[in-house]
Each structure stands twice: as C-alpha cells, then as structure tokens.
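A closer look at the structure
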Amino acid sequence: MDKIISDFNQPPKTEQQLLQNAEQLAGMTFQQVAKQLALNVPQDQKRHKGWVGELAEKFLGATASTLAEPDFQHIGVELKTIPLNKHGRPAESTYVSTVPMTNIAGLRWQDSIVCKKLSRVLWLPIEADKVIAMDARRFGSATLWSPTPTQEAMLRADWEELMEMIATGEIDKISSTHGQHLQIRPKAANARSLGRAHTADGDPTSTLPRGFYLRTSFTKTIFE
DNA sequence: TACTGATCATTC
DNA sequence: GAATGATCAGTA
C-alpha cells in the first residue's frame, strides 16, 4: 500500500498522470483518504467548508495554493470538487474566481482569470448527501473537461456583460440573477467586508468583494 | 427544492 | 485585505 501512496503528494507531470491519480480516489471514503494523509475528518462542514477541496488538492499534489492560477500550473489544469446530491446532480454552484474590480480597462475574455481557470478542469465528484456521515462520504470518478465552443461562448457572453457593468461603475447593481450560466455573488468573510474598487469616473471607492460562480444548471450539463 | 446572499478556515 | 478552498442557511 505504501508504494501506491508514494506517487501522491507530488505534482503530476502530465494530465494522464493526474487523471490516473484521481482515479485512485474513485469510491474511496473521505476517511480512507484522510488517513493516508494523516488528517482527521471533521464531523460537519459548518466550520470546514473548504475541507474536501483541500483534501483532494493535497492528495493530488496541487501547487498553485493561493495564487489566481490553475491548481496544476505547468499542465494548466484546475481542480474542482463538485458536490453531487443523491440524484447525481450538482448540489451547489461552483466558485471560479474573485471578481476583479480594479485595472479592468480593456480586459479581454481570453486574458481573464475565469477563462484561464475554466479552459481545463478536472471535475472530482463528491457525495454531498447530508444523511451520509462525513467520514463515510465517497469520491466519485473524475473527469477532465474543457468547454465546448458553445459552452465557452455562453460563458464569455455572461462574463462580458458582467464586466461591462463593473467597468461602468454599476457593480452594486449586480445581483446573482445576472448572467445565465456565470453569476456574481458575494465572496467575503462577511457582509461588512470591503475591497478596493473604483467608480465609472475612476475615483477610488470600496465595495463588497465578489466572486464568479457557475450555476448548477451549467455544471449539471457536464455530468450528463 | 432551488436559489441568493452570507459566512467559515487558511495562507500570505 | 485578498486570494485560495467552498458550504451554510433562510426563504421564495
């Protein structure tokens, strides 16, 4: 067993290697994976919301840590855990990245963080049914994905609409109802958090930090 | 049950 | 504070 484990925790050199390592997770419980990494499984996720994602990163050897870049930098792959309910559909929207609010003049879709992160994603399904105890929940079978031209066009259209609103100083008019597939929602420690932004005139101001999220209606199409 | 707005942990 | 990892929890 130890020999198998020894390949993990190291950054994968190729997509194939990453996919093979991820396949080892399929069917394993959180407890089994945590044990290999000498970690304890929390009782619930009220105070451990990112725990499963971090567990998967450690197991697979992700390197980008807190950078605004794909998790597996040199092979350009982003890792996303995707909670599936008992019907096998995504239970939550998927966080993509922070919304940039400064230095966005002339920012193009193809240069955006959203585009870069979503160009290649390793989706790792996880059980999210609350009737299953945390340590008994299992990982599913990972899939490597890139947006189809159609999907990318949809994301791009949403992104451009939303970024246009930000560029014209309308960020506080944005709610989660904007965007058909890509939405903007708060992404902060709490509702009083403030981040730097600027008005349409370029004057400094501050507003609630927000993030881009993929709607479940979009992610579910990936798993059909 | 789905959705929106709010929140939690960690790192630098 | 700003970036990462997300899920919580109230209500429509």
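Before reading further, recall that the structure is shown in the block above.
Presented here is a report on the structure given in the accompanying data block. (Residues numbered from 1 in each chain as written. Chains lettered and ligands numbered in written order. Predicted model: local features only at pLDDT ≥ 70, side-chain atom pairs only at ≥ 80, totals over all residues. Heavy atoms only, no water.)

1. Some thoughts on the pairing of strand 1 (residues 78–84)
For the record, the criterion: The cut-offs for exposure are 20% and 50% of the maximum accessible area for each residue type, with area from a 1.4 Å probe on protein chains only; residues under the lower value are buried, those over the upper are exposed, and the others partly exposed. A run of H or I in DSSP becomes a helix once it reaches four residues, and a run of E becomes a strand once it reaches two; helices and strands are each numbered from the N terminus. At least two bridges found by DSSP between two strands is the condition for calling them paired.
Of all 7 residues in strand 1, 6 are buried; the element is thus mostly enclosed. Two strands pair when backbone bridges link them, and strand 1 and strand 3 (residues 121–127) are joined in this way by 7 bridges, in the parallel orientation. Paired with Ile82 across the two strands is Pro125, which belongs to strand 3.

2. Some words on the protein's contact with DNA strand B
Heads up, the rule is: When we say a residue is near a molecule or strand, we mean one of its heavy atoms is within 4 Å of it. Think of a polar contact as two N or O atoms within 3.5 Å of one another; within protein, one of them needs to be a possible hydrogen donor and the other a possible acceptor, and neighboring residues in sequence only count if both atoms come from side chains.
Around DNA strand B, the structure places 17 residues, and the nearest of them are Arg47, Lys49, Ser176, Ala188 and Ala191. Expressed as a percentage, the sugar and phosphate content of the atoms of DNA strand B within 4 Å of the protein is 67%. The side chain of Arg47 places a nitrogen or oxygen atom 2.9 Å from a phosphate oxygen of DNA strand B. Contacts to DNA strand B include Thr216, whose side-chain N or O atom sits 3.3 Å from a phosphate oxygen. In terms of residue count, the dominant contributor to the surface near DNA strand B is strand 5 (residues 182–186) (3 residues).

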